[in-house]
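Results of the structural survey
Residues per chain are reported as follows:
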Amino acid sequence: MEKTNDSPPPLTRLSEDETLFRNSVLEFARREVQPLVRQMDDQAEMSRTLLDRLFELGIMGIEIPEIHGGAGARFFHSVLAVEALSSVDPSVGVLVDVQNTLVASALMRWGTDDLKKRYLPQLAARSVGAYALSEAGSGSDAFALTTRAFETDGGFRLTGRKLWITNANEADLFIVFATVDPDAGYKGITAFVVERGFNGFSVGRKEDKLGIRASSTCELLLEDCLVPRANVLGDVGRGYKVAIETLNEGRIGIGAQMIGLARGALDHAIAYTKERKQFGKAIADFQGVQFQLAHAATELEAARLLVYNAARLRDSGEPFLTSAAMCKLFAADAAEHISSLAVQLFGGYGYVKDYPVEKLYRDAKIGQIYEGTSNLQLQTIAKQILGA
Ligand SMILES: Cc1cc2nc3c(=O)[nH]c(=O)nc-3n(C[C@H](O)[C@H](O)[C@H](O)COP(=O)(O)OP(=O)(O)OC[C@H]3O[C@@H](n4cnc5c(N)ncnc54)[C@H](O)[C@@H]3O)c2cc1C
């Protein structure tokens, strides 16, 4: 068939600018992140030097407009960055993901001019952001949260505890969800921009996790924390909209983290099976191994298509709710299968920390849990297809 100029490009074809951007992040990840991965995982600590480099490279403010000091790029660039970083370290991937697809994105969409002027330049240049919705008693049922916001002179006093907050150890800025009226249900939920230095705010215990160990996950304590009225993000009582809309986008970012992780695991498996010899030949010469690798490559390609399609729909302003849920669901499962296969193909060497696949296998599990568990993604998809 004849190729016409107006045929849309293949989903995975990157523009010149996207290719350059992806390659530069990948090169950075291999050169500067790779040497730190083992130590950061063992010590459950994100390197401060690495954080500074992420800011220098403009990866912490990808979509933030240039007038506010950001790179002024598109959501798709964030997806490319998270994918590239996660192929080397999914902990660094999620740090960059939360910064861009949740925190900066919520501020850009819902912030007043004043909030944007005050906080976007900080986020682009030096401040890590965190997004605090979950609590001990409210995870999947996020709007059952109990952190209270009491109106007072000039603002609100926040009291409560948040749990599982990614980036909290490093963050200077927090988007915190609280209710101004528990009787109003989700219509009481309100989003606030909280600075680390606000009186009554503190970061509590850091979790000791199975995977993505260098990514901090902490409790937040709010004890009569005074937040100025100007720091309400969106309208009072409309925080549920802020949460729903940002998390829909955030899910695509987690999809990107998972395809990056799966790519990393598959690359390691391919390289290893070509080297490792048993029965007098490379194990990649056995058809049984080849078919397993072929399956994994197909699953990864399908996951990448779903993630890229959801991201491109988002950038073109089209509805992407179902696509985002599907891409996260599928990519998280793909990452789990592919990292498990990588461990399998390394044999005993896959089970120890001297080789990178053991870590990727541990890191993969989180994809089915945060930013909406897989069951919650299925619920969203079912609701859409059934029109319920
Ligand atoms: C490492 C890590 C980082 C995180 N980062 C953040 C963050 O930065 N900010 C933040 O706000 N939160 C964060 N979270 C919280 C995360 O989003 C929640 O853990 C997640 O939403 C699940 O909530 P839960 O843990 O309370 O589990 P629950 O909601 O109690 O779910 C337990 C199980 O029940 C299932 N289930 C629940 N309801 C239903 C239903 N209606 N139908 C079918 N199955 C159901 C779930 O699928 C799951 O398998 C993080 C969590 C972790 C572990």
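As the structure is a computational prediction, the values presented were derived from the model and not from experiment.

About the criteria used
- Residues numbered from 1 in each chain as written.
- Predicted model: local features only at pLDDT ≥ 70, side-chain atom pairs only at ≥ 80, totals over all residues.
- Heavy atoms only, no water.
- Pairing = 2+ DSSP bridges.
- Helix = DSSP H or I, 4+ residues; strand = E, 2+ residues; numbered from the N terminus.
- Core = buried A, V, L, I, M, F, W, Y, C linked by side-chain atoms within 4.5 Å.
- Buried < 20%, exposed > 50% of the residue type's maximum accessible area, 1.4 Å probe, protein only.
- Contact = heavy atoms within 4.5 Å.
- Phe/Tyr/Trp six-rings, centres within 6.5 Å; stacked < 30°, edge-to-face > 60°.
- Lys NZ or Arg CZ within 6 Å of the ring centre and 35° of its normal.
- Near = heavy atom within 4 Å.
- Polar contact = N/O pair within 3.5 Å; in protein donor to acceptor, adjacent residues only side chain to side chain.
- Areas by Shrake-Rupley, 256 points an atom, 1.4 Å probe, with all protein chains shown as cover.
- Nonpolar A, V, L, I, M, F, W, Y, C, P; charged D, E, K, R; others polar.
- Axes fitted to C-alpha atoms, helices over the stretch in contact; angles between N-to-C directions.
- Parallel < 35°, antiparallel > 145°, perpendicular 65-115°, else oblique.
- Left-handed = near helix turned anticlockwise from the far one by under 90°.
- Disulfide = S-S within 2.5 Å.
- Expected span 1.5 Å × (residues − 1).

This part covers the pairing of strand E3 (residues 155-166). Where strand E2 (residues 148-152) meets E3, five bridges bridge the pair, whose relative direction is antiparallel. Note that in E3 the partner of Glu 151 across the bridge is Phe 156. Taking the residues that link successive antiparallel strands as the turn, the E2-E3 hairpin has two residues, and the phi of Gly 154 there is positive, at about 75°. Across nine bridges, the pairing between E3 and strand E7 (residues 217-228) is antiparallel. Paired with Phe 156 across the bridge in E7 is Val 227.

For the rest of this paragraph, the subject is the nonpolar core. Grouped together as the largest cluster of nonpolar side chains are 121 residues, with contacts concentrated most on Leu 158, Phe 177, Val 194, Leu 233 and Ile 252. Not counting residues up to four positions away in its chain, the partners in contact with Ile 252 are Phe 75, Val 79, Val 307, Ala 310, Ala 311, Arg 314, Phe 320, Ala 324 and Cys 327.

Before going further, it helps to spend a moment on the packing of aromatic side chains. In total, this model carries ten aromatic pairs according to the counting rule given. A ring pair is formed by Phe 279 and Phe 286, whose centres lie 6.2 Å apart and whose planes are at 85°; its orientation type is edge-to-face. Linked through ring pairs, Tyr 272, Phe 346, Tyr 349 and Tyr 355 together constitute an aromatic cluster. The ring of Phe 76 carries Arg 312 above its face, with NZ or CZ at 3.8 Å from the centroid.

This part takes up the site of the ligand. In the vicinity of the ligand there are 19 residues, among which Ser 134, Ser 140, Trp 164, Thr 166 and Thr 373 approach most closely. A distance of 2.8 Å separates a nitrogen atom of the ligand from a polar backbone atom of Tyr 131. Protein contact buries 64% of the 970 Å² of open area that the ligand shows by itself. By residue class, the composition of the shell around the ligand is nine nonpolar, eight polar and two charged.

Turning to unusual backbone geometry, a few remarks are in order. A positive phi is found at Ala 44, a non-glycine position, where the angle reads about 50°. Within the fold, Ala 44 resides in the loop between helix H2 (37-43) and helix H3 (48-56). The phi angle at Trp 164 is positive, at roughly 70°, despite the residue not being glycine. Among the secondary structure elements, Trp 164 is positioned in strand E3.

This brings us to the packing of helix H7 (residues 239-275) against helix H8 (residues 287-315). Remark: H7 packs on H8, axes separated minimally by 9 Å, with the N-to-C direction vectors making an angle of 155°. On the basis of their axis angle, the class for H7 and H8 is roughly antiparallel. The crossing of H7 and H8 is left-handed. Contacts between H7 and H8 involve Glu 249, Ile 252, Gly 255, Ala 256, Ile 259, Ala 262, Arg 263, Leu 266, Ala 269, Ile 270 and Thr 273 from the first element and Val 289, Leu 293, Ala 296, Ala 297, Leu 300, Ala 303, Arg 304, Val 307, Tyr 308, Ala 310, Ala 311 and Arg 314 from the second. Partitioned by chemical class, the residues of the contact of H7 with H8 number 17 nonpolar, two polar and four charged.

In the structure shown here, the tally under the stated rule is zero disulfides. Here Cys 225 is not disulfide-linked; the sulfur of Cys 218 is the nearest cysteine sulfur, at 16 Å. Judged by its relative accessible area of 0%, Cys 225 is buried.

This paragraph deals with helix H9 (residues 321-346). Its 26 residues give H9 an end-to-end C-alpha distance of 38 Å, which sits within 8% of 38 Å, the value for a rise of 1.5 Å per residue. Directly beyond the C-terminal end of H9, a positive phi value near 60° is found at Gly 347.

Coordinates in, geometry out; function isn't part of it.
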